[in-house]
Amino acid sequence: ILLGWPSTYAGHNGLAHVGPRIGVTMFESSRIPPHWVEPLNKLDAIITPTKFSADIFKTCGVTTPIHIVPLGIGDIYQPVERPKDRPLTFLCFLDRGKRKGGLAAQEAFSLAFGDSTDVHLILKMRKPKVVVNIMNENMTLIQQDYTEAQLYDLYKQADVLINPNMGEGFGLIPREAAATGCISLTTNWGGTAGDLDKWGWPLPYKLIKAEWGHPVFEGLDLGMWATPNIEGIADTLKHVAAHREWFSAIAQSRAADVRKLYSWRRFAEQVLEIWKEVADGKRVRQAA
């Protein structure tokens, strides 16, 4: 079972190149790198977490059988009731550049609420090389790496997650937040569009040419991805704030359903089942 970008498969040791081979992978814009097609077509099966990734693989010339197996959510992310007497608290993540949408979330929040202390925004990023200070009274910046338990506590501090990503192969963060009963707002495109009406709410966007800014993708046509509609997102945030109790009640009612949709145990069981089917097929063909 090979994980990650197909361009890395050739670098694995000898055991990775014999017997049945399954790739577990995904992508975030509408075209995969052209040099991915050959290693993907040398596999016996591909596992990807969303229909979005499966469709772009097929469109780009991948002929290996593709299985859609959603990722899971950690058991720690349990539903919790949010206090109603605190300022409506939003959360966004600033890591991994513009693709994850953290800067767009901050911009939309400022446009929607200005300096109002009736609302609050928590900005989370990993331990940085440069320390940044946020002067806004209605914003808090966290700059440190978190354990899973700390991340769960962070979700509990938030009433609303803002995730205006440009492209995701799946989107763990908005689904994890939704599993705790947080109002999860995310881009209605790519991996986060999957089953969105069952666990979250859509954020507006338009499609633009995907500019990854990654050296290994320089000069490649990687199709399209979403760019956040800042004004539209600001309107969504104001709408949620004006109807806080309604959104909170729906988010709480959906939290248990999120856990039913996404299970790591079920993911592992399905991967194992696909592996066994592939292995059985290999043995039958060799015996013939």
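Residues numbered from 1 in each chain as written. Predicted model: local features only at pLDDT ≥ 70, side-chain atom pairs only at ≥ 80, totals over all residues. Heavy atoms only, no water.

Draft legend 1. Broad picture of the sheet that holds strand β7 (residues 139-143). Judged by pairing direction, the sheet is parallel, and its six strands sit side by side in the order β7-β6-β5-β8-β9-β10 without closing on themselves. Two strands lie at the open edges of the sheet, namely β7 and β10 (201-203), each paired on one side alone. Direction aside, neighbouring strands of the sheet carry axes that sit 25° apart on average. Sheet analysis places strand β5 (residues 88-93) next to strand β6 (residues 119-125), joined by six bridges and oriented parallel. Looking at the pairing, Leu88 lines up with Val119 of β6. In this fold helix α7 (residues 230-242) packs onto β5, β8 (160-163), β9 (183-187) and β10, with an angle of close to 165° to the strand it touches most, β9. (Pairing = 2+ DSSP bridges. Helix = DSSP H or I, 4+ residues; strand = E, 2+ residues; numbered from the N terminus. Axes fitted to C-alpha atoms, helices over the stretch in contact; angles between N-to-C directions. Contact = heavy atoms within 4.5 Å.)

Draft legend 2. Here's a closer look at the confidence of the model for the protein chain. The pLDDT averaged across the protein chain works out to 93; a share of 97% of its residues lies at or above 70. Confidence drops under a pLDDT of 50 for residues 283-288, and excluding neighbours within four residues, the segment shows one contact in the predicted structure. (pLDDT = per-residue confidence, 0-100.)

Draft legend 3. Spotlight on the pairing of β5. Along β5, six of the six residues are buried, which leaves the element largely enclosed by surrounding structure. Where burial is concerned, the two faces of β5 agree: the one with Leu88, Phe90 and Cys92 and the one with Thr89, Leu91 and Phe93 are both buried. Traced from β5 through helix α3 (residues 102-113) to β6, the parallel crossover comes out right-handed. The pairing of β5 with β8 spans two bridges and is classified as parallel. The partner of Phe90 across the bridge, within β8, is Val160. (Buried < 20%, exposed > 50% of the residue type's maximum accessible area, 1.4 Å probe, protein only. Right-handed = clockwise from strand over helix to strand, strands pointing away.)

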